[in-house]
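Descriptive analysis of the structure
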Amino acid sequence: MTIEAPALQGRIRTTTPKRPGTNPTSEYSALLHTVRDQGLLGRRTGFYIMMFGAVTLALGGAAVGFVLLGDSWFQLLIAAALGIILTQFAFLAHEASHRQVFLSGKANDRAGRTLANLVVGISYSWWMTKHSRHHANPNVLGKDPDIDRDVVSFTPEDAARATGLYGWFTRHQGFLFFPVLIFEGLNLHIHGFRTVFGAGKVDKRGLEIAMLVTRVAVYLAVVFAFLPLGLAFAFIGVQLAVFGVYMGASFAPNHKGMPILPRDSKVDFLRRQVLTSRNIRGSRVMDVFMGGLNYQIEHHLFPNMPRPHLKHAQKITKAYCRDHSIEYTETGLRQSYGIVIRYLNRVGLAAGGDPFDCPAATAFGR
């Protein structure tokens, strides 16, 4: 089977031979049964209660620090800490949306919706719709919303449409990707409000509107009530910037720079999930830092698996992929960032020019 990806220059071809007589469906079923027999799909509610307690305690500590510091530019440290804490809450909301926390789907939805809307400030319905489509078809053109053309272009075809100032940005998009993430936090909030106030179908629209409006109103009221105007704006800016960069830096290494599949590609579930995903090596610190997203392959193969079980499933999955000649990708975090930057820059070349061109010289034809 040949998988083509419009990545870097030209197209990357990743060939994964299958053993004669194997059935793709039974291959995944065998892996799933092995994982289930090990008890790795069982809930770990106690772990999530502990994590929620730890993050809530951190939020309380930040609140105390906020009150004690008062009118001080050291408040920006509290803002940065708040950006990190809110990202950790977002990880918990993400896991609840995948039914990883409770046995009951309704309990998971209640927890995920409360954390996403009322704490983080992101629409749970928007996230569920977008993320479910991504999981079903990761890196599949026209089906995965995560590679649709937005500020960043993920295919040469999309990059070629960029002109003018946007074209210049696209040619430099790899280098600018992480700096631009400082706006991602604001972008996520805007998407949430557009969704709940938009014309599309939204599950529990009234509840989500109430939660989002309450969350934003209380947050802004507290910041502007306790801090001078200039410091208040700086506080919000730093918090949003850290939140955006942290969120983007956690999700970007997982699929960017991996093979992109044509819309009509015929790839079985096991290979579609493994070949388009990348794991990040690391210790338990990495598990906390990335909220379990460092086990992206296992997360895509077993989306309702609790975070503590992913590292155990990884050993089984790696061995299984090796035995079935399926390429399994795992890198360090810094290496993955380098891959993402190089990939985006090479894609951006389709917009014309060279990533190292001087903008002024290019504008004057020099």
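Residues numbered from 1 in each chain as written. Predicted model: local features only at pLDDT ≥ 70, side-chain atom pairs only at ≥ 80, totals over all residues. Heavy atoms only, no water.

Thoughts on empty space enclosed by the protein
Just so we agree on the cut-off: Cavities and pockets were defined on a 1 Å grid built from protein atoms only: a cavity is a group of points that admits a 1.4 Å probe but offers it no way out, a pocket is an open group of points flanked by protein on both sides within 12 Å along at least five of seven lines, and a lining residue is one with an atom within 4 Å of any such point. Grid points are joined across faces, edges and corners, and a volume is the space filled by probe spheres set on the points. Going along the chain from the N terminus, every DSSP run of H or I of four or more residues is numbered as a helix, and every run of E of two or more is numbered as a strand. Charged residues are taken to be Asp, Glu, Lys and Arg, nonpolar residues to be Ala, Val, Leu, Ile, Met, Phe, Trp, Tyr, Cys and Pro, and polar residues to be all remaining types, Gly included.
On inspection of all chains with the given rule, the structure shows three cavities of 30 Å³ or more. As a volume, the largest cavity reaches approximately 110 Å³. Around the largest cavity, the lining residues are Ala90, Phe91, Ala93, His94, Ala116, Val120, Ile122, Tyr124, Trp127, Met247 and Phe251. The element that contributes the greatest number of residues to the lining of the largest cavity is helix α3 (residues 75-97), accounting for four residues. Classifying every residue of the lining of the largest cavity by side-chain character gives ten nonpolar, one polar and no charged. Volume-wise, the second largest cavity comes out at about 40 Å³.

Regarding unusual backbone geometry
A positive phi is found at arginine 99, a non-glycine position, where the angle reads about 65°. You can see arginine 99 is positioned in the loop between α3 and α4 (105-120). You will see that asparagine 139, though not glycine, has its phi angle at about 60°, which is positive. When you line up the elements, asparagine 139 lands in the loop between α5 (124-136) and α6 (156-159).

Things to note about the side chain of arginine 307
Quick reminder of the rule: The cut-offs for exposure are 20% and 50% of the maximum accessible area for each residue type, with area from a 1.4 Å probe on protein chains only; residues under the lower value are buried, those over the upper are exposed, and the others partly exposed. Any N or O atom pair separated by 3.5 Å or less is treated as a polar contact, with the protein-specific requirement of one donor-capable and one acceptor-capable atom, and with residues adjacent in sequence counted only for side-chain atom pairs. Residue contacts are counted whenever heavy atoms from the two residues lie within 4.5 Å of one another.
Structurally, arginine 307 is set in helix α15 (residues 307-323). Residue arginine 307 is classed as buried on the basis of its relative accessible area, which comes to 5%. For arginine 307, the side chain forms a polar contact with the main-chain oxygen of glycine 291, separated by 3.5 Å. Here arginine 307 is in contact with Phe47, Tyr48, Met51, Phe91, Leu92, Glu95, Gln100, Asp287, Val288, Gly291 and Gly292, once residues within four sequence places are set aside.

Brief notes about the packing of aromatic side chains
Aromatic ring pairs are reported here in terms of the distance separating the ring centres and the angle at which the planes meet. Applied cut-off: Working definition: a ring pair exists when centres of Phe, Tyr or Trp rings (six-membered ring for Trp) sit within 6.5 Å. Plane angles under 30 degrees give stacked, over 60 give edge-to-face, the rest tilted. Whether a charge sits over a ring comes down to the Lys NZ or Arg CZ being within 6 Å of the ring centre and within 35 degrees of the ring normal.
This structure, assessed with the given rule, holds 14 aromatic pairs. Between phenylalanine 91 and tyrosine 246, the ring centres sit 5.8 Å apart and the planes meet at 85°, which makes this aromatic pair edge-to-face. Taken as a pair, phenylalanine 91 in helix α3 and tyrosine 246 in helix α11 (residues 229-251) lie far apart in primary sequence, 155 residues in all. Every member of this aromatic cluster is reached through a ring pair, and the members are Tyr28, Phe269 and Phe302. Geometry around tyrosine 219 places arginine 215 over its ring, the cationic atom sitting 5.1 Å from the centre.

Comments concerning the pattern of salt bridges
Should their charged atoms come close, side chains of opposite charge can pair. Definition in use: Note on definitions: salt bridges are taken to be side-chain nitrogens of Lys or Arg within 4 Å of carboxyl oxygens of Asp or Glu.
Within this structure, the stated rule accounts for nine salt bridges. Across the salt bridge formed by arginine 113 and glutamate 208, the nearest N and O atoms sit 3.2 Å from each other. Placement of arginine 113 in helix α4 and of glutamate 208 in helix α10 (residues 205-226) is noted, with a sequence separation of 95 residues between them. Of the two residues examined, arginine 113 and glutamate 208, each falls in the buried class. With a shortest N-O distance of 2.4 Å, aspartate 146 and lysine 130 are connected by a salt bridge. Pair noted here: aspartate 146 is in the loop between α5 and α6 and lysine 130 is in helix α5, with a separation of 16 residues, a long-range link. Lysine 130 gets classed as partly exposed once you look at its relative accessible area, which sits at 25%.

Quick word on the layout of surface pockets
Size it by volume and the largest pocket reaches roughly 1000 Å³. Lining the largest pocket are 33 residues, and of these Lys130, Asp146, Asp150, Glu184 and Asn187 lie nearest its centre. Those elements that place two or more of their residues in the lining of the largest pocket are α5, α8 (173-180), α9 (184-196), α11 and α14 (296-301). Examining the composition of the lining of the largest pocket, we find that seven residues originate from one element, α5, more than from any other. Residue classes in the lining of the largest pocket are distributed as 15 nonpolar, ten polar and eight charged. Among the elements of the structure, α2 (45-69), α3, α4 and α10 are those that each provide at least two residues to the lining of the second largest pocket. Looking at the lining of the second largest pocket element by element, the count peaks at seven residues for α10. Partitioning the lining of the second largest pocket into residue classes produces 16 nonpolar, one polar and one charged.

So, the nonpolar core
Put simply, the rule reads: The term nonpolar core refers to a set of buried residues drawn from Ala, Val, Leu, Ile, Met, Phe, Trp, Tyr and Cys, joined through side-chain atoms within 4.5 Å.
Residues Val223, Leu227, Phe235 and Phe243 are the most contacted members of the largest nonpolar core, which totals 35 residues. Elements represented by at least two residues in this core include exactly α2, α3, α4, α5, α10 and α11. Top element by residues in this core is α3. It accounts for ten residues.

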